[in-house]
Each structure stands twice: as structure tokens, then as C-alpha cells.
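Structural overview
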Amino acid sequence: MSNPIYVTQPVLPDLKEFIPYLEQIWAKKILTNGGPLHQQLEQELCDYLNVDYISLFNNGTIALITALQALDLKAGEVITTPYTFLATAHAIVWNNLTPVFVDIDPITSNIDPKKVEEAITDDTVAILPVHCYGIPCDVVALQVLATKHKLKLVYDAAHAFGVTCNNHSLLNYGDLSTISFHATKVFNTFEGGAIVCHSAEMKQRIDQLKNFGIVDETTVNDISLNGKLSEVHAALGLLQLKTIDQTLQARGEVDHYYRELLADIDGIRCIQRENLEKDNYAYFPIVISEPYPLSRDELFEKFKQHNVFARKYFYPLMTELSVYQQYQSDTPNAKLLSEQVLCLPMYPALEGSDIQKIVQIIKGRI
Ligand code: T4K
């Protein structure tokens, strides 16, 4: 049997390049709590991503929980998408807020601003859209709604590292954006994440929130979490940044090759990645429908027989999970997409021959 091909494979630098960073950490004995590598990574990320303020976190989920906390939202409803990873909705519930799930645009897979507007009530306090697969939401329409109804707008930009749209970093939209640097993401620090914000005051607040709410030795202003990123994680981030442009370029080549080989297969639609000046090719989702001869689940199983491990991101929908039963709502576009989508393997080291094999499986030739 051939080697397994997983949905993703993390990019890692040459181990030899990592050792000097470890030596530096061992010599200084500063392991965490905003050490020199942490500070350097924050600065370099601001420069690379073209954002003003960034606060590093130990993962994207804690970043999201903290982002909602930082906005001092009083009990109320947060409008979001059901077509996402668990962390999006979990962060709302962890803040004692109520998630209100509205439908998506089936073409972009992102929250539909018209459905958001219909769902706004006197209890709504925020909107939490997701740039799903790194594809930008309708940021202009969402900002209009947030401004008109005086709502906070927080983007779950876990998938959107490095994406630009309308001549801006996508991360600059909304009140706050959160990113994930998990091993499965475009840019990884093993585990990690960040919040992007727009003022020094907000950064200071976020930095206190991710450190138990500590203001100084005798003052604690909030009951909050430990969300800090260690120096070892920051060191990896600094190294990953050195090659991020090559990483994104290699992902782009995989994306283009898939699109070329998958064009004109009846019943297979590659989700378009439009309006992106700079794409990060975070995922490669295909949508499977008639007249393609297999269902999504049948194709998923067939891939497995060939040692290819595609993923059903995002199935089941949040609203279909028993833990979210009390928040159910009717979101037919999201439901259909969740039943038809399959994310194909997508990572820089994916060989052309692997892509050809995956396409041959889809075409029923093997
Ligand atoms: N918001 C959104 C919209 C998100 O998608 C996520 C995370 C978050 C927020 C929260 O961010 P974090 O707290 O995670 O920073 C993965 C990831 O664990 C998760 O980060 C991600 N979204 C989600 C979409 O996918 P799984 O369950 O698919 O991961 P796993 O372990 O099955 O990995 C997939 C494949 O990747 C494996 O089959 C092999 C490969 N792999 C994975 C890991 C972890 C490796 O080769 N090396 C590795 O270290 O959840």
C-alpha cells in the first residue's frame, strides 16, 4: 500500500535552523510570559501581515474566547455561521453569550449578510463571521450592518493568514480578528494563535486578559485565562515567517494544478477563491453533487481505500450536534454544503503525482 496522504501536512523548517533558537532560549532561561522571541514575532507579524497591533496566543480558540471577552459584551446574542469548526461557537458559549446561527451563501461558504440582518434583534450584541477556507466574507456589507445596528464585529479569521482584499489585509476588518497557528494551518507555530486589533489600548487590554487579568503586582481587573504563547513556539514562528512566501506560492501551485485537472467533471465543483489579491490557498474544498456517480460519503470512503484521507470540513453542522440542540435553526444552504463538501489534501509538499492520483480516483479511473 502506498504512503497515506492526509488532508494536510505541516510545514517545518530544517531542524538545524531551529537549534540556535533553542540555544538562545536555554541561555536566557526566559521560556514564556512575553519574552524576547515573543516580542520579535509580534513585530514581524505586524510587518508581514500589514496590521497595527497583534497579540499572540497559545491557540486560536483561546484567542477567540478572549476577543469576545475584550469587547465587554453584556449577555446577549451573537450571530454566527453553523458552517465552521467547533471553536467558533464554543467561544460564544464560553462567554455566556447565545449563538444565533444563520445561513451561508452556498457559493462562498460564508455567512450571508442578508440572513444576518434578518436575525438582528434587541438582544443582538455582536456578529461573529468566519472567513471560511480563507475566503473573505462580504466585509463591506457586514460592517454596514454592524455600524447601523451598533454591534461589535469579530472575525474568526483562523483560516485567513496572509489574505488581502480591497487592498487591505483581511485581518484589518471588524473590531477584532482572530487567527490560528495550529499545525494544520497555513502558518503554524505547532499550536498558536493571535488577535489583531486596532489600538494600543485594546492591545494592552487583550494582553492583560491573556495573562489572568493581571494589571500589575497587586491589581487584577478581570477573571480571565492563561493564553500566552511560549518562547519555543514563538521561535518556530520566526523561522516559519522566513519561508512563508514560498509556502504560499507552493500552495498556489497545488491549487492551480487541482483546478486544471478537475475542470469539466460533471458534478464536481471546486469552490472559487475570488476577490483575493493575495490568497493563502488554505484548503481545497470540492462540492460533489449529481450527476457525479458517487455521493460525497462514497467518494470519501473510496479515497480511504486508496490511503487518501480527505476531510468533511465542515460536517456535521454546529446546529446538528447534540450539544448545540438548544440553538437549532434552519440553515438549508449550510446543511446542503456540509453534506456535499470534501476538502482534498492541500499542502506545499503534495507531489504532482499525488494530485494526479487523487484526480484519477475522482474520475473513477483507479
Ligand atoms: N476557528 C476555525 C474556523 C477553525 O477552523 C479553528 C481550528 C479554530 C477556530 C481554532 O483554532 P485552534 O484552537 O485549533 O488554533 C483541525 C485542527 O485541530 C483545528 O485547528 C482546525 N480549526 C480544524 C479545522 O481542523 P482535525 O480534527 O481535523 O485535526 P487532525 O488532527 O485530524 O489533523 C488533520 C490531518 O492533518 C491529520 O490527518 C494529519 C495531519 N496532521 C495533523 C496534525 C495535528 C499532521 O500531519 N500533523 C499534525 O501535527 O482538527
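Our subject is the structure that appears above.
Figured I'd write up the structure that's included with this text. (Residues numbered from 1 in each chain as written. Predicted model: local features only at pLDDT ≥ 70, side-chain atom pairs only at ≥ 80, totals over all residues. Heavy atoms only, no water.)

In this section: the overall build of the protein chain. Helix and strand content of the protein chain: twelve helices and 16 strands. Its C-alpha radius of gyration of 21 Å places the protein chain within 12% of the 21 Å reference for a compact globule of 366 residues. Summarising the internal contacts of the protein chain: among those between residues at least 6 apart in sequence, 70% fall at separations of at least 24. Carbon and sulfur atoms provide 51% of the accessible area of the protein chain, an area that totals close to 16,500 Å². Both charge centroids of the protein chain, one from 29 positive and one from 44 negative side chains, sit 4 Å from each other. (Helix = DSSP H or I, 4+ residues; strand = E, 2+ residues; numbered from the N terminus. Rg over C-alpha atoms; globule rule 2.2 N^0.38 Å. Contact = heavy atoms within 4.5 Å. Areas by Shrake-Rupley, 256 points an atom, 1.4 Å probe, with all protein chains shown as cover. Lys, Arg positive; Asp, Glu negative; His and termini not counted. Charge placed at Lys NZ, Arg CZ, Asp CG, Glu CD.)

If you look at soluble globular proteins, the nonpolar side chains tend to sit buried side by side. Counting residues in hydrophobic clusters, the biggest one holds 68 residues, and the most contacted among them are Leu45, Tyr83, Tyr133, Phe161 and Ile179. With six residues, helix H8 (residues 231–242) is the single largest residue contributor to this core. Formed jointly, this core draws a minimum of three residues from each of two domains, domain 1 (15–102 + 110–242) and domain 2 (244–362). If we skip the residues at most four places from it in the chain, Leu45 touches Asn50, Ile54, Leu56, Phe161, Phe181, Phe187 and Leu241. Core analysis: the next-biggest nonpolar cluster, separate from the first, contains 28 residues, Val254, Val308, Leu344 and Ile355 among them. (Core = buried A, V, L, I, M, F, W, Y, C linked by side-chain atoms within 4.5 Å. Buried < 20%, exposed > 50% of the residue type's maximum accessible area, 1.4 Å probe, protein only. Domains from an automatic or database assignment.)

Counted under the stated rule, the structure contains 16 salt bridges. Among the ionic pairs, Glu42 bridges to Lys210, the shortest N-O distance being 3.8 Å. Of this pair, Glu42 sits in helix H2 (residues 36–49) while Lys210 sits in the loop between helix H7 (200–209) and strand E11 (214–216), and the two are 168 residues apart along the sequence. Just as Glu42 is buried, Lys210 falls in that class too. Note that Glu339 and Lys335 form a salt bridge whose closest N and O atoms lie 2.8 Å from each other. (Salt bridge = Lys/Arg side-chain N within 4 Å of Asp/Glu carboxyl O.)

A separate point is the site of the ligand. The local shell around the ligand holds 25 residues, among which Thr61, Asp156, Ser180, Arg311 and Tyr313 are the closest. With respect to the ligand, the side chain of Asp156 contributes an N or O atom lying 2.7 Å from a nitrogen atom. One of the side-chain nitrogen or oxygen atoms of His182 is found 3.3 Å away from an oxygen atom of the ligand. Protein contact buries 75% of the 920 Å² of open area that the ligand shows by itself. (Near = heavy atom within 4 Å. Polar contact = N/O pair within 3.5 Å; in protein donor to acceptor, adjacent residues only side chain to side chain.)

Bringing the side chain of Asp255 into the picture now. Inspection of the secondary structure puts Asp255 in helix H9 (residues 244–262). A residue is classified by how much of its surface remains accessible, and Asp255, at 2% relative accessible area, is buried. The contact partners of Asp255, leaving out residues within four places of it in the chain, are Arg273, Tyr281, Phe284 and Met346.

The next subject is the pairing of strand E4 (residues 98–101). Only one face of E4 is covered, namely the face carrying Pro99 and Phe101; the face carrying Thr98 and Val100 is uncovered. Relative to E4, strand E3 (residues 77–80) is paired through four bridges, and the arrangement is parallel. Note that in E4 the partner of Glu77 across the bridge is Thr98. (Pairing = 2+ DSSP bridges.)

Axis separation between H9 and helix H12 (residues 352–362) bottoms out at 10 Å; the angle between their running directions is 30 degrees. Crossing of H9 over H12 shows right-handed handedness. Residues Val254, Tyr257, Tyr258, Leu261 and Leu262 of H9 form the contact with H12, whose own contacting residues are Gly352, Ile355, Gln356, Ile358, Val359 and Ile362. Residues of the contact of H9 with H12, tallied by class, amount to nine nonpolar, two polar and no charged. (Axes fitted to C-alpha atoms, helices over the stretch in contact; angles between N-to-C directions. Left-handed = near helix turned anticlockwise from the far one by under 90°. Nonpolar A, V, L, I, M, F, W, Y, C, P; charged D, E, K, R; others polar.)

Moving on to H8. Given a rise of 1.5 Å per residue, twelve residues ought to cover 16 Å, and the 17 Å separating the end C-alpha atoms of H8 matches this to within 8%. Where burial is concerned, most of H8 is hidden: nine out of the twelve residues are buried. Within H8 the residues assigned to the buried category are Glu231, Ala234, Ala235, Leu236, Gly237, Leu238, Leu239, Gln240 and Leu241. Close packing links the buried residues of H8 with helix H1 (15–28), H2 and H9. Structurally, the start of H8 carries an N-cap: the backbone nitrogen of Val232 is 3.2 Å from a side-chain oxygen of Ser230. (Expected span 1.5 Å × (residues − 1).)

Considering all chains together, one arrives at 15 aromatic pairs under this definition. Judged by centre distance (4.6 Å) and plane angle (5 degrees), the ring pair of Phe161 and Phe187 falls under stacked. In this pair, Phe161 is assigned in the loop between strand E6 (152–156) and strand E7 (164–165) and Phe187 in the loop between strand E9 (176–180) and strand E10 (193–197), connecting sequence segments 26 residues apart. Assigned by exposure class, Phe161 and Phe187 land together as buried. What links up through ring pairs into an aromatic cluster is the set Tyr83, Tyr133, Tyr283, Tyr313 and Phe314. Here Lys210 stacks its cationic end above the ring of Phe57, 5.5 Å away from the centre of that ring. Positioned over the ring face of Phe300 is Lys312, at 4.4 Å from the centre of the ring. (Phe/Tyr/Trp six-rings, centres within 6.5 Å; stacked < 30°, edge-to-face > 60°. Lys NZ or Arg CZ within 6 Å of the ring centre and 35° of its normal.)

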